[in-house]
Amino acid sequence: MLRYTLLRILGAIPTLLLVIALAFLMVHAAPGGPFDDERALPADVEANIAAAYHLDEPLPQQFLRYMSGLLQGDLGPSYRYRDYTVAELIGTAFPYSLKLGALAMALALLLGVTAGTVAALRQGTALDKVVMGFSMTGISIPVFVIAPVLVLFLAVKLQWLPAGWSGTTGMSRYLLPVITLALPQIAYIARLTRASMIDVLSRDFIRTAYAQGLGTVTVVRVHALKPAMLPVLSYMGPAIAAILTGSVVVEEIFGIPGLGQFFVRGALNRDYTLVLGIVVFYASLIVFLNLLVDILYGAIDPRVRYQ
Amino acid sequence: MSLLDVQGLTIRYGDETVVDGVNLFIDRGESVGLVGESGSGKSQSALAILGLLPRQAVASGSIEFDGQQILGASDSVLNALRARRIGIVFQDPMQALNPYLRIGAQLRQIPLTHKLRDKAEVDARVVEMLASVGLPDPQRQFRAYPHELSGGMRQRVMLASALIAEPDLLIADEPTTALDVTVQAQILDLLEDMRDNTALLLITHDLGIVAGHCEHTIVLDRGRLVEQGPTTSVFAAPSHAHTRALLAAAPRVDRGDVPEAVTGSTILSVGDAVVDYRDLQAVSKVSFSVKIGETVAVVGESGSGKSSLVRAMLGLVPMASGRVVYAGSTLEGPVEDRAQSQRRDLQLVFQDPVSALNPQMRVQTLVGEPLLVHEPQLSAAARAERVAAMLERVGLSRKFLRRFPHELSGGQAQRVAIARALILGPRVLVCDEAVAALDGSVRKQVLNVLRDVQADTGLSIIFISHDLAVVRSISHRVLVMYLGRLVEMADSETLFAAPKHPYTRALLDSVPVPDPVAMPKRAPLRGEVPSPVNPPSGCVFHPRCAKADARCGSKAPALRDVERTRVACHYPNA
């Protein structure tokens with residue numbers, strides 16, 4: 001098990017390298033640079049700045065310089081947020097994104113699994129059709145459509161919830177962003193749960209459980225839930241990635257000072273180190289969470305052996 | 001008043017009637033056998049008694065258990081009866097037990113649900129129950145997952161779950177069909193020991209099991225009850241034609257004609273075959289040969305290496321050492337490296353035709369496909385003619401040509417698989433449990449097809465089977481394997497009349513005989529097949545052998561000829 005975990009972490013290194021290399025090439029391939037402004041700087045000043053940040057070196061050399069810093073745990077200074085290192089920026093922004101993402105994920109799991117299980121137990125009934133109809137809608141509508149519609153109704157018309165971030169405090173300001181981010185995931189998890197629950201409920205060992213006099217609630221809780229969660233667990237990897245990318249849009253719309261917002265600003269500003277730093281951070285996070293999912297998989301299905 | 005009183009039970013799925021007006025009674029403490037082939041409605045009846053029929057099923061008639069009507073009863077009424085009053089053991093314990101839950105966690109729900117024990121006492125009760133069904137180290141099994149147990153041990157767990165709430169009626173639905181014959185004997189004996197005053201409804205396709213374990217016998221045919229009565233009279237004087245047909249189709253291991261030994265030249269021989277898998281040896285130095293027109297059976301419990309032996313011979317798994325000689329030339333390497341002519345001469349039929357036949361191909365294509373490979377010059381018309389002729393040979397008319405595998409019954413599908421294997425005119429046919437999944441009457445037809453082809457063409461057959469009664473009826477010679485070793489080899493006449501190895505004797509004794517009067521003396525085998533990863537010292541069979549002494553534990557017996565038998569035992573005549 002420990003060996004497996006170590007091997008998986010080692011195995012992730014080439015993936016991470018490739019991601020960093022691609023991201024590095026892409027930010028540098030985009031036209032313009034971090035210090036371009038509407039008002040052009042004098043040529044000698046520009047050259048000085050470029051030299052100070054080693055931007056005058058050939059690309060491969062810059063890449064090696066970046067990688068050697070990375071190996072020492074140094075993500076470098078931000079080019080645009082002067083006086084801040086990238087690590088500091090991530091440190092201030094990530095807690096917001098983490099809260100947003102974790103709450104969205106928790107909400108998605110709670111509602112998705114519940115709705116899917118109920119639909120499976122009432123397969124073919126009107127309730128089932130309503131749940132599946134809603135979830136089809138949830139999957140089809142993109143986040144950037146859901147967000148304004150929710151804001152329009154829940155914040156502007158009904159005034160139940162704050163529409164934006166600034167000028168508000170407490171948990172209520174998280175509600176709309178979390179719902180927006182969670183909705184497509186709720187929908188997808190509900191569909192996954194329904195399908196896998198229907199499959200599990202048709203298995204022989206469920207018939208055995210009923211034959212032992214167990215009620216439906218006990219049968220689902222004790223016997224069916226664990227195996228039915230396996231496909232949902234497999235989906236957690238892609239779901240985490242979807243929530244992270246979704247949060248970029250949602251943070252921008254609601255004005256949350258999270259990582260997503262820094263990522264968008266960084267990309268627009270050609271803040272090379274900031275963009276790369278966030279890419280490295282997110283990629284490592286996704287690799288780590290996927291590993292966690294795989295280990296949990298083994299905890300649910302005892303027949304899985306790690307080698 | 002009967003404990004269970006079923007009147008006019010009818011079960012329909014749409015327009016299809018699977019159970020049609022069945023009446024049956026079970027008194028307290030009585031044992032009743034419900035016999036029938038697949039599709040006779042026997043399992044459906046059992047599910048109806050527990051109120052477990054799927055939603056699409058429409059049941060009518062009456063099922064009264066101890067005065068309580070079950071048909072149409074509410075969930076709470078049914079849940080109170082299930083396990084507490086009526087326990088059930090299903091066929092395949094791997095499927096019937098939850099693979100994701102520890103055994104203790106599954107079993108403790110039953111006393112808790114029925115409020116027989118509180119949380120503090122329930123685990124002790126489960127462990128006690130696991131011990132009483134003969135599970136070694138019950139504390140450990142309590143924490144084990146089902147896949148960590150052998151099939152026999154899993155079925156013991158299933159029995160423990162059915163009896164833990166001390167029901168008045170135990171339903172056992174094909175409880176031993178998925179098990180080896182020696183383990184079957186153990187489980188059936190355990191069932192007898194454990195049930196005490198619990199009434200038993202034993203559902204099976206095997207007349208031998210009913211003959212040995214039930215006072216009363218009921219015969220179902222396509223949903224209808226065709227015969228019932230005391231077991232002795234049903235077997236002695238069956239009144240219905242279907243019962244007589246069932247009895248006629250049930251081969252007996254203790255009597256009946258045995259094919260005479262074949263004389264002639266050897267077509268295939270295997271010498272000192274060894275098959276190694278990662279950390280175990282599946283086959284250890286096994287040698288045998290097959291003559292032209294001869295059927296050689298390979299028998300043994302699961303894990304005996306019988307399938308590995310023939311697969312290595314065919315080049316389907318690598319042979320670590322040893323040689324295969326076919327018609328004077330050596331067969332080497334994996335099957336894809338062998339010459340086309342050698343490949344066409346050796347063909348294979350698997351146990352489950354439904355998974356062996358491509359579901360997307362019609363029978364015509366399936367049976368004709370080998371011709372495309374081996375006789376590509378054949379015109380489409382000529383090929384179609386060959387396919388039709390081959391189908392006729394296995395007893396299927398032209399109307400089957402356009403069918404897909406799912407449109408065939410099990411017996412028809414197996415005949416298609418045999419036709420596909422035989423269309424190239426092979427010299428040796430390997431049947432790996434090829435009739436194990438078939439009903440008695442269908443099995444008889446398929447065996448007749450094989451016999452006929454053999455008589456006409458001199459086909460040699462290697463017949464892998466765990467069913468010694470079938471083996472007796474078809475094979476000229478028998479190899480008995482245990483833990484990868486050949487322990488006994490003799491012509492059928494000799495082997496069935498005078499088995500020399502204690503393992504062979506135990507196997508023969510374990511086969512249920514469909515005759516309540518002529519039940520053989522039972523010497524059921526203790527324990528289960530040990531792990532091949534760590535085989536016992538000396539004679540690998542000694543831990544389960546009643547006759548073993550110190551010598552057996554230290555020195556492995558060599559194969560030697562005793563009279564007309566080749567046997568690996570220190571005391572072959574003991």
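Note that the structure is predicted; figures quoted are calculated from it, not measured.

K.L.:
Lay out the packing of helix α4 (residues 86–121) of chain A against helix α9 (residues 216–254) of chain A with the relevant residues and their values.
P.N.:
Residues and elements named next belong to chain A. Packing of α4 against α9 leaves a shortest axis separation of 8 Å and a crossing angle of 140°. Judged by the inter-axis angle, α4 sits oblique to α9. Both α4 and α9 take part in a crossing whose hand is right-handed. Mapping the contact onto sequence places S97, L100, G101, A104, M105, L109, V113, T117 and L121 in α4 and T216, V220, L225, M229, V232, M236, A239, I240, I243, S247, V250 and E251 in α9.

K.L.:
Describe the sheet that holds strand β21 (residues 560–562) of chain B, with residues and values.
P.N.:
Residues and elements named next belong to chain B. Pairing within the open sheet is mixed, and its eight strands lie in the order β16-β17-β18-β13-β19-β20-β22-β21. What marks the edges here is a single partner per strand, and that holds for β16 (346–349) and β21. Direction aside, the axes of adjacent strands within the sheet are offset by 20° on average. Strand direction decides the pairing type here: β16 and strand β17 (residues 428–432), joined by four bridges, are parallel. Paired with L348 across the two strands is V430, which belongs to β17. This element, helix α17 (residues 410–422), spans β16 and β17 of the sheet and lies at about 170° to β16. Across the sheet, helix α18 (residues 440–457) lies against β13 (295–299), β17 and β18 (460–465), angled at about 155° from β18, the strand it touches most.

K.L.:
So what about the domain arrangement of chain B? Which residues, and what values?
P.N.:
All names here are of chain B. The domain architecture assigned to chain B consists of domain 1 (4–249) and domain 2 (266–567). Each of domain 1 and domain 2 has a C-alpha centre, and the two are 32 Å apart. Each partner contributes residues to the interface: domain 1 has 25 residues there, and domain 2 has 24 residues. Both faces considered, domain 1 and domain 2 share a buried interface measuring about 1900 Å² in area, 54% of it formed by carbon and sulfur atoms. When the buried area of domain 1 at its contact with domain 2 is split by residue, D180, V181 and T182 rank highest and sum to 28% of it. If you look at where domain 1 meets domain 2, you find zero salt bridges. The interface formed by domain 1 and domain 2 includes seven residue pairs in polar contact (both at pLDDT 80 or more). When residues of the side of domain 1 that touches domain 2 are traced back to their parent elements, those giving at least two are α7 (151–163), α8 (181–195), α9 (207–213), α10 (231–236) and α11 (241–249). Take the side of domain 1 that touches domain 2: its biggest share by element is seven residues, from α8. Its residues assigned to classes, the side of domain 1 that touches domain 2 comprises 11 nonpolar, 10 polar and four charged.

Thresholds, definitions, all that
Residues numbered from 1 in each chain as written. Chains lettered and ligands numbered in written order. Predicted model: local features only at pLDDT ≥ 70, side-chain atom pairs only at ≥ 80, totals over all residues. Heavy atoms only, no water. Axes fitted to C-alpha atoms, helices over the stretch in contact; angles between N-to-C directions. Helix = DSSP H or I, 4+ residues; strand = E, 2+ residues; numbered from the N terminus. Parallel < 35°, antiparallel > 145°, perpendicular 65-115°, else oblique. Left-handed = near helix turned anticlockwise from the far one by under 90°. Contact = heavy atoms within 4.5 Å. Pairing = 2+ DSSP bridges. Domains from an automatic or database assignment. Buried area = accessible area lost by both parts, 1.4 Å probe. Salt bridge = Lys/Arg side-chain N within 4 Å of Asp/Glu carboxyl O. Polar contact = N/O pair within 3.5 Å; in protein donor to acceptor, adjacent residues only side chain to side chain. Nonpolar A, V, L, I, M, F, W, Y, C, P; charged D, E, K, R; others polar.

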